[in-house]
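# Coordinate inspection notes
Chain residues, written in single-letter form:
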Amino acid sequence: MKIGIFGGTFNPVHNGHVRLAENFKEKLNLDKLLIIPTAVPPHKEAENIASGEDRLKMCELAFENIGEVSDIEISRGGRSYTVETLESLKEIYTDAEFYFLVGSDMLLCFRRWYRYEDILSMCTLCATDRDNEKTCRDADSELFEKIIFCDFPKTVVSSSEVREKLAKKEDISCLVPPKVEKYIKEKGLYNVCI
């Protein structure tokens, strides 16, 4: 079984995440796609972060027809390290091949990830954004050999952009799935007042 792993803070999940998941699932011919929101992201400061429960729910709404949302990292709590998640998933899916999906910007700092060599031994890295492919190849040719690069149309949106627009009371309907926008407003997330 080929299982894709798509992790992130998803604070909030947006249309770029959804399209990326759809593209990876199709391109890699995955049997299953696991969407895994982090408890505490190890690579960035957690600023104005919605609760784990809210981010899980938003992911369930956004990815309902694409993948299965897992609470494995949020249930574990603390900093979310990819290697620990992979170890847990290997115990659950004993015969699976894992494909870890990342943006190529993450590849440039991948060797600083906690136990990165163990990550490489447990999964295949799959990266998007071919604009950074040459940079990655030049910066780290050994790592480059272990990556599948996928070329997808870009969806230019970020979670921070969504939060900024919400703070300014601007429209986000073109940035997030409709059910996610509704959830954010109903729950008053990111200081939204209806």
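Please read all numbers here as calculations on a predicted model, not as lab measurements.

Bringing the overall build of the protein into the picture now. Looking only at helices and strands, the protein has 10 helices and six strands in total. Within the protein, buried positions represent 49% of all 194 residues. The contacts of the protein with a sequence gap of at least 6 include a subset with a gap of at least 24, amounting to 72%. Total accessible area on the protein stands at roughly 10,200 Å², and carbon and sulfur atoms take up 45% of it.

Moving on: the confidence of the model for the protein. Put simply, the protein has an average pLDDT of 88, and 89% of its residues get 70 or more. Mean pLDDT in the protein bottoms out at helix H7 (residues 133-139), which sits at 64, and peaks at strand E3 (residues 68-69), which reaches 98.

Now for unusual backbone geometry. Going from Asn11 to Pro12, the amide bond is cis rather than trans, its omega being 0°. In this fold, Pro12 is placed in the loop between strand E1 (2-8) and helix H1 (15-27). Notably, Phe10 is not glycine yet its phi reads approximately 50°, a positive angle. Position of Phe10 relative to the elements: it lies in the loop between E1 and H1. Using a relative accessible area of 2% as the deciding quantity, one classes Phe10 as buried. Residue Asn29 is not a glycine yet carries a positive backbone phi of 55°.

Within this structure, the stated rule accounts for eight aromatic pairs. Considering the side-chain rings of Phe10 and Phe63, the 6.0 Å spacing of their centres and the 70° angle between planes classify their relative orientation as edge-to-face. Of this pair, Phe10 sits in the loop between E1 and H1 while Phe63 sits in the loop between helix H2 (52-62) and E3; the two residues are 53 residues apart in sequence, bridging distant segments of the chain. When sorted by exposure, Phe10 lands in the same class as Phe63, which is buried. Here the aromatic rings of Phe24 and Phe152 are separated by 5.1 Å at their centres, their planes lie at 90°, and the arrangement is edge-to-face. Taken together, the residues span a long stretch of sequence, with Phe24 in helix H1 and Phe152 in the loop between strand E6 (147-149) and helix H9 (159-167) at a distance of 128 residues.

Attention now goes to the nonpolar core. Grouped together as the largest cluster of nonpolar side chains are 37 residues, with contacts concentrated most on Phe6, Met58, Phe63 and Ile184. Of the residues forming this core, the biggest block, five residues, is contributed by H2. Of all hydrophobic cores here, the second largest spans 28 residues; its members include Ile36, Ile72, Ala96 and Phe144.

The subject of this paragraph is helix H4 (residues 82-92). All of the buried residues in H4 are Thr82, Val83, Thr85, Leu86 and Leu89. Along the axis of H4, the buried residues cluster in a sector spanning 155°; they form a single face. Contacts made by the buried residues of H4 are with E1, strand E2 (32-37), helix H3 (72-76), strand E4 (97-103) and helix H6 (116-122).

Moving on to the pairing of strand E5 (residues 124-128). Within E5, four of the five residues are buried, leaving the element largely enclosed by the surrounding structure. Relative to E5, E4 runs parallel, the two sharing five bridges. The partner of Val102 across the bridge, within E5, is Ala127. Strand direction decides the pairing type here: E5 and E6, joined by three bridges, are parallel. Bridged to Cys126 within E6 is Ile148.

Conventions adopted
Residues numbered from 1 in each chain as written. Predicted model: local features only at pLDDT ≥ 70, side-chain atom pairs only at ≥ 80, totals over all residues. Heavy atoms only, no water. Helix = DSSP H or I, 4+ residues; strand = E, 2+ residues; numbered from the N terminus. Buried < 20%, exposed > 50% of the residue type's maximum accessible area, 1.4 Å probe, protein only. Contact = heavy atoms within 4.5 Å. Areas by Shrake-Rupley, 256 points an atom, 1.4 Å probe, with all protein chains shown as cover. pLDDT = per-residue confidence, 0-100. Phe/Tyr/Trp six-rings, centres within 6.5 Å; stacked < 30°, edge-to-face > 60°. Core = buried A, V, L, I, M, F, W, Y, C linked by side-chain atoms within 4.5 Å. Arc of directions from axis to C-beta. Pairing = 2+ DSSP bridges.

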